[in-house]
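Here is what each chain is made of, one letter per residue.
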Number of protein chains: 2
Amino acid sequence: MAKAYLVSVGNEILAGQTADTNAAWLAGRLLEKGIAVVGTSVVPDDIDAIKEALILGGRKAEVVLVTGGLGPTDDDITRDALAGFLRVELELREELVERIRRFFAKRGIEMAETNKRQGIMPVGTKDIPNDLGTACGILAEKDGKIFACMPGVPVEMRKMFDEQISGELAQLDGGEVVVVRKLRCFGTGESTIADLLGDMMKRNREPLVNCTVRGGVITLHMVARGKTVAEAEKLIEPVRQDIRERLGELVFGEDDQTLGQVVGELLAERGMTITVAESCTGGLVAKMLTDTPGSSRYFLSGWVTYSNNAKISELAVDARLIEQKGAVSAEVAAAMAQGARKRAGTDIGIGITGIAGPGGGTEQKPVGLVYISVDFRGDSYVERRVFSHTRELVRQRAAMVALDIVRRKLNS
Amino acid sequence: MAKAYLVSVGNEILAGQTADTNAAWLAGRLLEKGIAVVGTSVVPDDIDAIKEALILGGRKAEVVLVTGGLGPTDDDITRDALAGFLRVELELREELVERIRRFFAKRGIEMAETNKRQGIMPVGTKDIPNDLGTACGILAEKDGKIFACMPGVPVEMRKMFDEQISGELAQLDGGEVVVVRKLRCFGTGESTIADLLGDMMKRNREPLVNCTVRGGVITLHMVARGKTVAEAEKLIEPVRQDIRERLGELVFGEDDQTLGQVVGELLAERGMTITVAESCTGGLVAKMLTDTPGSSRYFLSGWVTYSNNAKISELAVDARLIEQKGAVSAEVAAAMAQGARKRAGTDIGIGITGIAGPGGGTEQKPVGLVYISVDFRGDSYVERRVFSHTRELVRQRAAMVALDIVRRKLNS
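Just so you know, these numbers come straight off a predicted model, no measurement behind them. (Residues numbered from 1 in each chain as written. Chains lettered and ligands numbered in written order. Predicted model: local features only at pLDDT ≥ 70, side-chain atom pairs only at ≥ 80, totals over all residues. Heavy atoms only, no water.)

A.B. asks: Honestly, the overall build of chain A in this entry has me stumped. Any pointers?
C.D. replies: The helix and strand inventory of chain A stands at 14 helices and 17 strands. Counting only residues that meet the buried cut, chain A has 57% of its 412 residues in that class. Relative to all contacts within chain A whose residues are 6 or more apart in sequence, the contacts with residues 24 or more apart total 69%. Summed over its atoms, the accessible surface of chain A is roughly 17000 Å², and 47% of this surface lies on carbon and sulfur atoms. In chain A, which carries 53 positive and 57 negative side-chain charges, the distance between the mean positions of the two groups comes to 4 Å. (Helix = DSSP H or I, 4+ residues; strand = E, 2+ residues; numbered from the N terminus. Buried < 20%, exposed > 50% of the residue type's maximum accessible area, 1.4 Å probe, protein only. Contact = heavy atoms within 4.5 Å. Areas by Shrake-Rupley, 256 points an atom, 1.4 Å probe, with all protein chains shown as cover. Lys, Arg positive; Asp, Glu negative; His and termini not counted. Charge placed at Lys NZ, Arg CZ, Asp CG, Glu CD.)

Written out as structure tokens, the structure reads:
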């Protein structure tokens, strides 16, 4: 397998001010191309340190990818370090300055003088346009190895890598590709998944199956090598089927699908519509449902009824019900779901009410208590959950559980 | 300042399956102790690669902190690599095996044979107990430099560092502490901030001022050293004032404050309330406003009116207005803000309508076009923006701009 070495430049990373997410993202992308990352470094905004990392990377790998240090300020010196490493001069490229000027002009802003720095490139290197920002990338070659510098801003780096750098690495794949496919699960813990999968997760198996956890979603990575993508996928297919059989409805999607996306696809397929009435989640479920392009096909409207009055006036929740049962109760969650569904005229209504914390809990109704109701064409269902996390996580988990209930109902 | 070098061990990090959060956490902790991280590496589960990183770290710094590779399986070889680096043998410490056995026994589990590996240590090193797991830490010295190995599981590593490693580094702090304070800005780009601050952001200044950008927020970090926290803060104070004067209302908050939080505090101070009617942001502004505990004091309700019908029925937007001007127009944004404010009976109403993309754009109304209206007690304001990003970022930026308009109005 071809090898890559990653260098992240920036004092802010070394000071713990910014986590370096670029290296992990690039490592995943490179692996898919059959290129193994053999090491990564974070170095300060210092010419010698960057040069040293370039030398080290060039010794260890065929391609060295650098992120960061291409900004307009004094301490952005990746350009200078690369020139030093390549032993070439720097030159101002007027056409780059023009491109940066136009980038600002489109936004009705005059280019600041300092941005001119971003038009300076090491002689003999190729500049890589950046559609999303002013930091140009740089592509260079030395002793048959590829050195590519990209901006540190993740969204800019990702687009540049996918659209412009990735293709340059095609020559390196060594006739072998690695295919990574994912299955995404929700509704249980990592150890339960491990128990259900048993030997399948053993190390050094081919294909390899391992798992990562984030935001309550457990992602199973199936990794296989082959001469072609088709060959590697053929190896993965029986593993995927086996996992799907063992985990059943715990698996909600594949690869990078989100729960909101999967629910949206199911709704679109069935020609159904959904609405949501949120209290403690404050708009998060609506946001998740509308993260996906085309969501207007199934999502028409939603309510954030934070106050009791809003629940009464907007969703026709009975004031006496709130008084008797409390705003955080199964009955009010159900009334919110029903009220929203009726008012929006949708097939499905979600109602969520709870105590996200950190304050506001009592012995009977602790922080983390959330009632989640789904009204499915008049058929009402309520789930009571107590999440033991921070405010942010209580809200996030409650929203995920709401979407997961809808998913299971649509699939049943 | 004393220097530290960090090494993270693990194939799963290099495969992009796990982000390395340990390095950033340690960097922040070390900086507070007056120890600067001068570099970090991620290396595979490979004896030579780990040894090479230990050598490099020892050359660059007085302390080298290693995380990961202390587990019970075959590929956990940090112990072996450290022994090789120190040129000493490995020994089985029975008392460690006993400790691990007790760790399992307490949980009613019999220790697996493989866990014995975790009782093996390089001769002459100090083992560091791990209260939360079975991976012991290791403390060693070579040529007057400190080498400490800690488990890779973040919660175990953090506890071990704070309670047992941190104290060992006291000799290095040179009686100096480092204080980091932040100012958070919104509404302009990094280069404009740099221009406004001029020399203040020069490298090697004391206190040091540098900047990070995330989600449109520019964070200025002011870093000062002193014999005490009070002394360092005294050095920061005039810098903070100077920056605030130069940047004016671009600065919205300090340290880890979010825009939603700052707007919330201003509303609470003034005893004012807010509501929001969202189309393209799909609930995100409501979510941001309710991220903060206690937001029910000023946020009562919100609408996600994704369809035209919902805009008409929920917010009393005139159907003819939508027909004449289009749903994405300044007029409809203003009508949404006004309709929401009247219906909720709040002081302020926000209305947002736009084209988040990726589809749905036209020449006159391109993807990224968003109209943001704020109705301030009947006083209507509309801003037209074109964001050039992904769907996710268009939504995120539009929500941020809406909150920022409210912030500026509340401050004016």
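A.B. asks: Teacher, can you tell me more about the packing of aromatic side chains here?
C.D. replies: How two aromatic rings sit relative to each other is given by the distance of their centres and the angle of their planes. Under the definition given, this model contains eight aromatic pairs over all chains. Arranged with centres 6.0 Å apart and planes meeting at 90 degrees, the rings of Phe-103 of chain B and Phe-104 of chain B form a pair that is edge-to-face. For the pair formed by Phe-103 of chain B and Phe-104 of chain B, the shared burial category is buried. Above the ring of Phe-85 of chain A, the side-chain terminus of Lys-142 of chain A is found at 4.5 Å from the ring centroid. Its guanidinium or amino end placed over the ring of Tyr-381 of chain A, Lys-409 of chain A lies 4.2 Å from that ring's centre, counting from NZ or CZ. (Phe/Tyr/Trp six-rings, centres within 6.5 Å; stacked < 30°, edge-to-face > 60°. Lys NZ or Arg CZ within 6 Å of the ring centre and 35° of its normal.)

A.B. asks: Is there a simple way to explain a nonpolar patch on the surface in this structure?
C.D. replies: Taken together, the side chains of Leu-132, Val-153 and Val-155 of chain B make up a nonpolar region of the molecular surface, amounting to roughly 240 Å² of accessible area. Structurally, Val-155 of chain B can be placed in helix H6 (residues 154-165). (Patch = residues over 30% accessible without salt bridge, like charges linked within 9 Å, V, L, I, M, F, W, Y side chains within 5 Å. Salt bridge = Lys/Arg side-chain N within 4 Å of Asp/Glu carboxyl O.)

A.B. asks: Just to check I follow, could you spell out the pattern of salt bridges for this structure?
C.D. replies: Two side chains bearing opposite charge may form a pair once their charged atoms approach each other closely. All names here are of chain A. Counted under the stated rule, the structure contains 60 salt bridges over all chains. We note a salt bridge from Arg-240 to Glu-254, for which the minimum N-O separation is 2.8 Å. In this pair, Arg-240 sits in helix H8 (residues 229-247) while Glu-254 sits in strand E12 (residues 251-254), placing the two residues 14 residues apart along the sequence. One salt bridge connects Asp-404 with Arg-407, and the closest N-O pair in it is separated by 2.8 Å. Here Asp-404 and its partner Arg-407 are both found in helix H14 (residues 391-411), three residues apart, which amounts to about one turn of the helix. Residue classification places Asp-404 among the buried positions, given a relative accessible area of 5%.

A.B. asks: Got a minute to help me understand the packing of helix H9 (residues 259-270) of chain B against helix H14 (residues 391-411) of chain B in this structure?
C.D. replies: Think of two packed helices as two axes; the pair is described by the angle between the axes and how far apart they sit. All names here are of chain B. Close contact between H9 and H14 brings their axes to 9 Å; oriented N to C, the two are set at 35 degrees. Crossing of H9 over H14 shows left-handed handedness. Where H9 approaches H14, its residues Leu-259, Gly-260, Val-262, Val-263, Leu-266, Leu-267 and Arg-270 are matched on the opposing element by Met-400, Leu-403, Asp-404, Val-406, Arg-407, Leu-410 and Asn-411. Class assignment of the residues belonging to the contact of H9 with H14 gives a composition of nine nonpolar, two polar and three charged. (Axes fitted to C-alpha atoms, helices over the stretch in contact; angles between N-to-C directions. Left-handed = near helix turned anticlockwise from the far one by under 90°. Nonpolar A, V, L, I, M, F, W, Y, C, P; charged D, E, K, R; others polar.)

A.B. asks: Please explain the sheet that holds strand E7 (residues 137-142) of chain A as it appears in this structure.
C.D. replies: Within a sheet, each strand pairs with its neighbour through backbone hydrogen bonds, oriented either parallel or antiparallel. With mixed pairing, the 12 strands of this open sheet are ordered in space as E6(A)-E7(A)-E8(A)-E3(A)-E1(A)-E2(A)-E2(B)-E1(B)-E3(B)-E8(B)-E7(B)-E6(B). The sheet terminates laterally at strand E6 (126-128) of chain A together with strand E6 (126-128) of chain B, the two strands that pair on one side only. This sheet shows a mean twist of 20 degrees between the axes of neighbouring strands, independent of strand direction. For strand E1 (residues 2-9) of chain A and strand E2 (residues 35-43) of chain A, the ladder comprises eight bridges, and the chain directions are parallel. Bridging across to E2 of chain A, Ser-8 of chain A finds its partner in Val-42 of chain A. (Pairing = 2+ DSSP bridges.)

A.B. asks: So what exactly am I meant to see when it comes to the packing of helix H7 (residues 190-197) of chain B against helix H8 (residues 229-247) of chain B here?
C.D. replies: Residue and element names in this part refer to chain B. Packing of H7 against H8 brings their axes to within 10 Å, and their N-to-C directions diverge by 115 degrees. Crossing of H7 over H8 shows right-handed handedness. Only Ile-243, Arg-246 and Leu-247 of H8 make contact with H7, whose side of the interface consists of Ile-193, Leu-196 and Leu-197. When its residues are assigned to classes, the contact of H7 with H8 shows five nonpolar, no polar and one charged.

A.B. asks: I tried to follow the UniProt feature "domain: MoaB/Mog" (unreviewed entry) in chain A on my own but got confused; where do I start?
C.D. replies: Per the UniProt record, "domain: MoaB/Mog" (unreviewed entry) is found at residues 5-172 of chain A. For residues 5-172 of chain A, helix accounts for 38% and strand for 24%, while the C-alpha atoms at its two ends are 13 Å apart. (UniProt positions renumbered as here; feature names shortened; annotations may be inferred.)

A.B. asks: Help me understand the domain arrangement of chain A in this model?
C.D. replies: Residue and element names in this part refer to chain A. Domain boundaries assigned for chain A yield domain 1 (2-172), domain 2 (177-254) and domain 3 (259-411). Taken over C-alpha atoms, the centre of domain 2 sits 31 Å from the centre of domain 3. With 10 residues of domain 2 at the interface, the matching set in domain 3 holds nine residues. In total, about 780 Å² of surface goes out of reach between domain 2 and domain 3, with carbon and sulfur atoms giving 58% of it. (Domains from an automatic or database assignment. Buried area = accessible area lost by both parts, 1.4 Å probe.)

A.B. asks: Would you take a moment to explain helix H2 (residues 22-32) of chain B for this structure?
C.D. replies: Along an α-helix, residues three or four apart share an orientation, since each turn contains 3.6 residues. Residue and element names in this part refer to chain B. Where burial is concerned, most of H2 is hidden: nine out of the 11 residues are buried. What H2 keeps buried is the set Asn-22, Ala-23, Ala-24, Trp-25, Leu-26, Ala-27, Gly-28, Leu-30 and Leu-31. Just downstream of H2, Gly-34 is the residue with a positive phi angle, here 80 degrees.

A.B. asks: Any chance you could explain the interface of chain A and chain B here in plain terms?
C.D. replies: Many analyses report the size of an interface as the accessible area lost when the parts associate. In this complex, chain A contributes 71 residues to the contact, which on the side of chain B involves 66 residues. Of the roughly 5200 Å² buried where chain A meets chain B, counting both sides, 52% is carbon and sulfur surface. When residues of chain A are sorted by the area they lose upon contact with chain B, Leu-14, Gln-17 and Tyr-306 of chain A head the list and together hold 11% of the total. The interface formed by chain A and chain B includes eight salt bridges. One salt bridge connects Asp-291 of chain B with Arg-395 of chain A, and the closest N-O pair in it is separated by 2.9 Å.

A.B. asks: Which parts of the structure should I look at to understand the sheet that holds E12 of chain A?
C.D. replies: Residues and elements named next belong to chain A. Taken in spatial order, the four strands make up an open sheet running E10-E11-E9-E12, and their pairing is antiparallel. Single-partner strands in this sheet number two, and they are strand E10 (208-214) and E12. Across the sheet, the axes of successive neighbouring strands diverge by a mean angle of 25 degrees, strand direction being ignored. Taken together, the nine bridges between strand E9 (residues 177-185) and strand E11 (residues 217-226) define a ladder with antiparallel strand orientation. Across the sheet, Val-180 pairs through a bridge with Val-223, a residue of E11. Sheet strands touched by helix H7 (residues 190-197): E9, E10 and E11. Its angle to E11, the strand with the most contacts, is close to 40 degrees.

A.B. asks: What should I look at first to understand the pairing of strand E2 (residues 35-43) of chain B in this one?
C.D. replies: In regular strands, side chains alternate between the two faces of the sheet. Taken across its nine residues, E2 of chain B has seven buried, putting it largely inside the fold. When E2 of chain A meets E2 of chain B, the two strands line up antiparallel, connected through three bridges. By the bridge assignment for E2 of chain B, Val-42 of chain A is matched with Thr-40 of chain B.

A.B. asks: Is there a simple way to think about H9 of chain B in this case?
C.D. replies: All names here are of chain B. Over its 12 residues, H9 extends 17 Å from the first C-alpha to the last, a length consistent with the 16 Å expected when each residue adds 1.5 Å. Every buried residue of H9 is listed here: Leu-259, Gly-260, Val-262, Val-263, Gly-264, Leu-266 and Leu-267. On its buried face, H9 sits against strand E12 (251-254), strand E13 (274-278), helix H10 (284-290), strand E15 (348-354) and H14. Immediately downstream of H9, the backbone of Gly-271 shows phi near 65 degrees, a positive value. (Expected span 1.5 Å × (residues − 1).)

A.B. asks: Even after reading the chapter, I still don't get the environment of Val-394 of chain A, so can you show me in this structure?
C.D. replies: All names here are of chain A. Mapped onto the fold, Val-394 is located in helix H14. Val-394 gets classed as buried once you look at its relative accessible area, which sits at 0%. Counting along the chain gives 16 residues from Val-394 to Gly-378, while the straight-line C-alpha distance between them is 27 Å. Residues in contact with Val-394, not counting those within four places in the same chain, are Ile-355, Ala-356, Gly-368, Val-370, Phe-387 and His-389.

A.B. asks: Can you walk me through the environment of Lys-311 of chain A in this structure?
C.D. replies: Residue and element names in this part refer to chain A. Relative to the assigned elements, Lys-311 resides in helix H11 (residues 308-315). In this structure, Lys-311 is in contact with Ser-279, Thr-305, Tyr-306, Ala-316, Val-317, Ile-322, Val-332, Met-336 and Thr-353, ignoring residues within four places of it in sequence. One polar contact links the side chain of Lys-311 to the main-chain carbonyl oxygen of Thr-305, over a distance of 3.2 Å. (Polar contact = N/O pair within 3.5 Å; in protein donor to acceptor, adjacent residues only side chain to side chain.)

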